[in-house]
Amino acid sequence: MNKVIAVFTKDSFLVPVAAIILGLLVGAVAMLAGGFDPILAYQSLLKKVFGDVYNFGETIRQITPLIFTGLSVAFAFRTGLFNIGAEGQFIMGSIAATYVGVTFDLPVYIHAPLALIVGGVVGGLWGALTGWLKAARGVHEVITSIMMNWVALYFSNYILSAFLVPEGQQRSKDVKDTAIITFGWLSEVFDNARLHWGTVIALAAAVFFFIVLWKTKAGFELRAVGLNPHASEYAGMNVNRNVVKAMFIGGVFAGLGGACEVLGVFHYQAIAPAMPGYGFDGIAVALIGGNTPFGVILGAILFGILTFGANGMKFGAGVPIELIRIVIASVIFFVAAHGIVRFFLKPILAKKKEGRS
């Protein structure tokens, strides 16, 4: 009986799985309405991702920043905050790591770790500023974090153009070889796909997420403040400090993602006319993953496969890339509207219950 009840809870593993299936079905219907073959489209998507080692390696590369930003958003959700600012924190982590990577001359065992640490800390401080505005001035984090995304974009462009971009260019100099975190031998195994140590760091960050929130006193306070700040304050917890702390930790995750993208993939940063989008995609990843670290990893894998495989659908089945967004949007909708998913699951679970009784 307890297992049946667990299935109908929001955190159930079965609900996101059913939501993904329903999302894929809705995407198939959209393709049929547009005159495309959904079976061929999904086959082409899978072939693009798993057809050769290079594309499989690039899919892993695509998944990595989504894990970081998904963890950033999910951590804030778990502490009662809505961090829409992962995009800006990602950008600030990128520019900080670029600055350290380009301007410093250090040994490899110091340079790369320092660039990563600075990127993470700067991303964390950018998030903490949003938390401080909420704690000290009562400004809602959704408003400030959205605004801070744009501030981060244009501030990073200013830093690039003023200090890091050679005259007449649109991107910074390459970071020093000592700051690069490319996974050399593994990249060669995957036919020179842009694999890097950031993937390992992302998985370690997910473990850190779990340990901090569920195995430490500080994590208990963060979750308690998120559930009921008034009761937490009555119990002697410093609510404002925990709000800032939660946004700082979430910002560190996103900042590390930006740092790893620069140091592991591109090795430079370009003046950006628009936001990269990883922070906004991280919101979807966190929702699909149920705001749990393991769920975020699975959500990032799904999101990465769909986004990277979209080109396969375009060239293999003639399906516009925009249609993959319909699939992703449908999955998010069914995850958010989990009551609808449970409605579809209810007959199946009822049969299982009858078979056991």
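What follows deals with the environment of Gly318. Take Gly318: it is sitting in the loop between α14 (293-317) and α15 (322-336). Taking the relative accessible area as the measure of exposure, Gly318 reaches 42% and is therefore partly exposed. Taking C-alpha positions, Gly318 is 7.5 Å from Phe36, a pair spaced 282 residues apart along the chain.

Attention now goes to the confidence of the model for the chain. On average, residues of the chain carry a pLDDT of 89, and 90% of them reach 70 or more. Here residues 1-11 is modelled with pLDDT under 50, and outside its nearest four sequence neighbours on either side it reaches 17 contacts, counting other chains as well.

Attention shifts here to the packing of aromatic side chains. The tally for this structure, following the rule as stated, stands at 15 aromatic pairs. When the centroid spacing of 6.3 Å and the interplanar angle of 20° are considered together, the rings of Trp150 and Tyr154 count as stacked. Of the two residues, Trp150 and Tyr154 are both situated in helix α7 (residues 141-164); the distance of four residues between them amounts to about one turn of the helix. Within the aromatic cluster, the residues linked to one another by ring pairs are Phe75, Phe208, Phe209, Phe210, Trp214 and Phe253. Cation over ring: Arg171 sits above Tyr268, and NZ or CZ is 4.0 Å from the ring centre.

A word on the packing of helix α9 (residues 198-215) against helix α10 (residues 217-227). The description of two helices packed together rests on the angle between their axes and the distance between the axes. Look at α9 against α10: their axes get within 5 Å of each other, and the N-to-C directions meet at 75°. Taken together, the axis directions place α9 and α10 in an arrangement best described as roughly perpendicular. Along its contact with α9, which presents Val212, Leu213 and Trp214, the element α10 presents Gly219, Phe220, Leu222 and Arg223. Grouping the amino acids of the contact of α9 with α10 by side-chain chemistry returns five nonpolar, one polar and one charged.

A cluster of nonpolar side chains, Tyr99, Phe104, Val151, Phe155, Tyr158 and Phe163, forms an exposed patch at the surface whose accessible area comes to about 590 Å². Element by element, the count of residues in the nonpolar patch is highest for α7, at four residues. With respect to the element layout, Phe155 can be found in helix α7.

Time to look at the pattern of salt bridges. One pass over the full model with this rule turns up six salt bridges. For the salt bridge of Asp105 with Lys176, the shortest nitrogen-to-oxygen distance reads 2.7 Å. Of this pair, Asp105 sits in the loop between α5 (86-103) and α6 (108-137) while Lys176 sits in the loop between α7 and α8 (184-189), and the two are 71 residues apart along the sequence. With a relative accessible area of 63%, Asp105 lands in the exposed category. Ionic pairing is found between Asp281 and Arg325, a salt bridge with its closest N-O pair at 3.7 Å. Taken as a pair, Asp281 in helix α13 (residues 278-288) and Arg325 in helix α15 lie far apart in primary sequence, 44 residues in all.

With that out of the way, let us pick up the layout of surface pockets. Empty space within the second largest pocket amounts to approximately 360 Å³. Lining the second largest pocket are 19 residues, with Phe266, Gln269, Ala270, Ala272 and Pro276 positioned closest to its centre.

Thresholds, definitions, all that
- Residues numbered from 1 in each chain as written.
- Predicted model: local features only at pLDDT ≥ 70, side-chain atom pairs only at ≥ 80, totals over all residues.
- Heavy atoms only, no water.
- Helix = DSSP H or I, 4+ residues; strand = E, 2+ residues; numbered from the N terminus.
- Buried < 20%, exposed > 50% of the residue type's maximum accessible area, 1.4 Å probe, protein only.
- pLDDT = per-residue confidence, 0-100.
- Contact = heavy atoms within 4.5 Å.
- Phe/Tyr/Trp six-rings, centres within 6.5 Å; stacked < 30°, edge-to-face > 60°.
- Lys NZ or Arg CZ within 6 Å of the ring centre and 35° of its normal.
- Axes fitted to C-alpha atoms, helices over the stretch in contact; angles between N-to-C directions.
- Parallel < 35°, antiparallel > 145°, perpendicular 65-115°, else oblique.
- Nonpolar A, V, L, I, M, F, W, Y, C, P; charged D, E, K, R; others polar.
- Patch = residues over 30% accessible without salt bridge, like charges linked within 9 Å, V, L, I, M, F, W, Y side chains within 5 Å.
- Areas by Shrake-Rupley, 256 points an atom, 1.4 Å probe, with all protein chains shown as cover.
- Salt bridge = Lys/Arg side-chain N within 4 Å of Asp/Glu carboxyl O.
- 1 Å grid on protein atoms, 1.4 Å probe; cavity = no way out; pocket = protein on both sides within 12 Å on 5 of 7 lines; lining within 4 Å.
- Points joined across faces, edges and corners; volume = space filled by probe spheres on them.

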